[in-house]
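Here's the letter readout for the chains.
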Amino acid sequence: MIAAILFSFSCMFAAVPAGVVASPSASGYELPLFKLEKLVKPLFKLKNHSSSETTRIAGKEILRSARTPEIEKWIISIQRRIHENPELAFEEHETSRIVREELDRFGIGYRFPLATTGIRAMIGTGKAPFVALRADMDALPIQEGVEWEHKSKNDGKMHACGHDAHVAMLLGAARILKAREGNLQGTVVLLFQPAEEAGNGAKRMIEDSALEGMEAIFGIHVSHLLPTGSIGSRTGALLAGCSFFKAVIHTEIGGNAILAASATVISLQGIVSRESDPLDPQVVSVTFFQNNRGNDDQHSAMDQVEFGGTVRAFSRNNLRRLFKRIKEVIVAQSKVYGCSATVNFFDNSDAIYPPVVNNDKLYQHVKRVVIDLVGTTNFYEVEPLMGAEDFAFYSEIIPAMFFYIGIRNETLGSVHTAHSPQFMVDENALPVGAAAHAAIAERYLNELSLQTTVVM
């Protein structure tokens, strides 16, 4: 088991209101839930098991194809081109152009734009069933610290979360699937998504009908904790829901805002330690604290103090409960010290991510495909992470599966967490990721074609 994993994805660098530090981006938490019966067909059961060996052989063929010198070199070249020119959320114009250029090269049709720079491409019959593969495209506002030939050419911007690798792997899968298009019993939809790190690109893609007619969706993320080329995931909650809050405490007559704020910060720590299930991880963390005159003013009494931080949990219900208790504690403690308080959870902004929850049937599917592809020893069942990902919005609408591909290579130096200036990708993982994408999608469609509907 891979345990105690401590890195996060989009929660570390997201567009947040002024004064809030290290918080996620997402739209209002009360996101309407779509009715699944309008998007997803009923459950199925196999009517023919004789194709199992055929599908395993197909997976090996896909991996061999991804590892041919020509395709491997091409996938790596795509990743390097994108890495050299990192673009922030909704600014991925050059990245999007590269993707469209390669899709055109291989005769793959697509719709553009979605969510400003996003792309929805299709390979296969053009008819149902449809299954989606997703890659995010945006970079981070970080100065790259890795000295190498393909270092970022854009000051203050870096692909420090591996999205350049995600795009390259999905394009690799596109090329492989196009060459095998005659084997597809349905349609693979490729979603190249902007603004995962900030701006909630997944939700914007959904609003632009990216999931129309879709049966399921799969997504991949590089992981510096798994050995290069291995794959890991889990069923159920994989990544936490994540939000943030900001409190403002005002001094009333005879009150003391600094005492009220200090006592409140201490009291907030009891919400998780004393009120939450210790077997159900949750986080309430204060990440900034300041007065209204600036933190350097030490010569006058504070009549207002601001503080805030992040809230994380693995269910919507727990997030709502934490929001409720945070507000209650802040308001009540402020009154004790003769102050008033307001609390903002930024419900109407890009501020809240729901949890990423993997569908069990899709998890079992990925596990089977991966084991056939790279062997039992290269598949890991991982522990949930407290990081967040806007792939969560897809997982709330249709069955979804998010998994990691390992890039850890201590000899190379690929050991640093995502969002680090020293972050780097072991390029040897890229063909495996492309093959995993392609095999998962092709086998999903082909197994679905061998199934018969169960009366619900």
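Keep in mind that this is a model prediction, so the values were computed, not measured. (Residues numbered from 1 in each chain as written. Predicted model: local features only at pLDDT ≥ 70, side-chain atom pairs only at ≥ 80, totals over all residues. Heavy atoms only, no water.)

Next up on the list: the packing of aromatic side chains. Per the stated rule, a full pass over the model turns up ten aromatic pairs. Centroid distance phenylalanine 218 to tyrosine 444: 5.9 Å. Interplanar angle 75°. Geometry classified as edge-to-face. Here phenylalanine 218, found in strand β6 (residues 214-227), pairs with tyrosine 444, found in helix α10 (residues 430-449); they are 226 residues apart in sequence, far enough to count as distant. Under the relative-accessibility criterion, phenylalanine 218 is labelled buried at 0%. Ring geometry for tyrosine 363 and phenylalanine 379: centres 6.1 Å apart, planes at 55°, overall tilted. With tyrosine 363 in helix α8 (residues 360-374) and phenylalanine 379 in strand β14 (residues 379-381), this residue pair connects regions lying 16 residues apart in the sequence. Note on phenylalanine 379: relative accessible area 11%, which makes it buried. Members of the aromatic cluster, each reached through a chain of ring pairs, are Phe391, Tyr394, Phe402 and Tyr404. For the cation-ring pair, arginine 100 lies above phenylalanine 112, with the distance from its terminal atom to the ring centre recorded as 3.9 Å. (Phe/Tyr/Trp six-rings, centres within 6.5 Å; stacked < 30°, edge-to-face > 60°. Helix = DSSP H or I, 4+ residues; strand = E, 2+ residues; numbered from the N terminus. Buried < 20%, exposed > 50% of the residue type's maximum accessible area, 1.4 Å probe, protein only. Lys NZ or Arg CZ within 6 Å of the ring centre and 35° of its normal.)

With the rule as written, the count across this model stands at 25 salt bridges. A salt bridge links glutamate 84 to lysine 153; the nearest nitrogen and oxygen atoms lie 3.5 Å apart. In this pair, glutamate 84 sits in helix α2 (residues 69-84) while lysine 153 sits in the loop between β4 (130-136) and α4 (163-179), placing the two residues 69 residues apart along the sequence. Given the relative accessible area of 17%, glutamate 84 is considered buried. Judged by relative accessible area, lysine 153 falls into the exposed class, the value being 62%. Linking arginine 105 and glutamate 102 is a salt bridge whose minimum nitrogen-to-oxygen distance equals 3.2 Å. (Salt bridge = Lys/Arg side-chain N within 4 Å of Asp/Glu carboxyl O.)

Moving on, we come to the sheet that holds strand β2 (residues 109-114). Taken together, eight strands build an open sheet; the order of strands is β2-β3-β5-β4-β6-β15-β7-β14 and the sheet is mixed. Only two strands of the sheet have a single neighbouring strand rather than two, namely β2 and β14. Along the sheet, successive strands turn relative to each other by an average axial angle of 25°, direction set aside. Bridge count for strand β7 (residues 231-233) against β14 is three bridges, and the pairing is parallel. Bridge pairing in β14 links glycine 232 to tyrosine 380. The strands touched by α10 within the sheet are β4, β5 (187-193), β6, β7 and β15 (400-408), with β6 carrying the most contacts at an inclination of about 150°. (Pairing = 2+ DSSP bridges. Axes fitted to C-alpha atoms, helices over the stretch in contact; angles between N-to-C directions. Contact = heavy atoms within 4.5 Å.)

Glancing now at the confidence of the model for the protein chain. Averaged over every residue, the pLDDT of the protein chain is 88; the share at 70 or more is 85%. Ignoring residues within four places in sequence, the model shows residues 1-50, a span with pLDDT below 50, making 167 contacts including any to other chains. Contacts of residues 452-456 to residues separated by more than four positions or lying in other chains number twelve contacts, the stretch itself having pLDDT below 50. (pLDDT = per-residue confidence, 0-100.)

Among the nonpolar cores identified, the biggest contains 72 residues, and Leu103, Val188, Leu190, Phe192, Phe218 and Phe403 are the most heavily contacted of them. At twelve residues, the largest contribution of residues to this core is made by α10. When sequence neighbours within four positions are dropped, the list of residues in contact with leucine 190 reads Ile119, Arg120, Ala121, Ile123, Leu133, Leu170 and Ala174. (Core = buried A, V, L, I, M, F, W, Y, C linked by side-chain atoms within 4.5 Å.)

What follows is about the sheet that holds strand β12 (residues 339-344). Overall, antiparallel pairing links the four strands, which are arranged β10-β11-β9-β12 in an open sheet. Edge positions in the sheet fall to β10 (282-291) and β12, since each of these pairs with one other strand and no more. For this sheet, the mean inter-axis angle between neighbouring strands, taken without regard to orientation, is 20°. Along the sheet, helix α6 (residues 257-275) makes contact with β9 (241-251), β10, β11 (304-313) and β12, crossing β10 at roughly 170°. Relative to β11, helix α7 (residues 316-336) is tilted by about 160°, and along the sheet it contacts β9, β10, β11 and β12.

Turning our eyes to something else, we now look at the side chain of histidine 159. Along the polypeptide, histidine 159 turns up in the loop between β4 and α4. The exposure class of histidine 159 is buried, given its relative accessible area of 1%. Aside from chain neighbours lying at most four places away, what touches histidine 159 is Ile82, His83, Pro86, Met137, Asp138, Ala139, Asp164 and Phe423.

The next subject is the packing of α6 against α7. Two numbers describe how α6 lies on α7: the axes approach to 9 Å, and their chain directions differ by 145°. Between α6 and α7 the crossing geometry is right-handed. Mapping the contact onto sequence places Ala260, Ala263, Thr264, Ser267, Leu268, Ile271 and Glu275 in α6 and Arg321, Leu322, Arg325, Ile326, Val329, Ile330, Gln333 and Ser334 in α7. In terms of residue class, the contact of α6 with α7 is made up of eight nonpolar, four polar and three charged. (Left-handed = near helix turned anticlockwise from the far one by under 90°. Nonpolar A, V, L, I, M, F, W, Y, C, P; charged D, E, K, R; others polar.)

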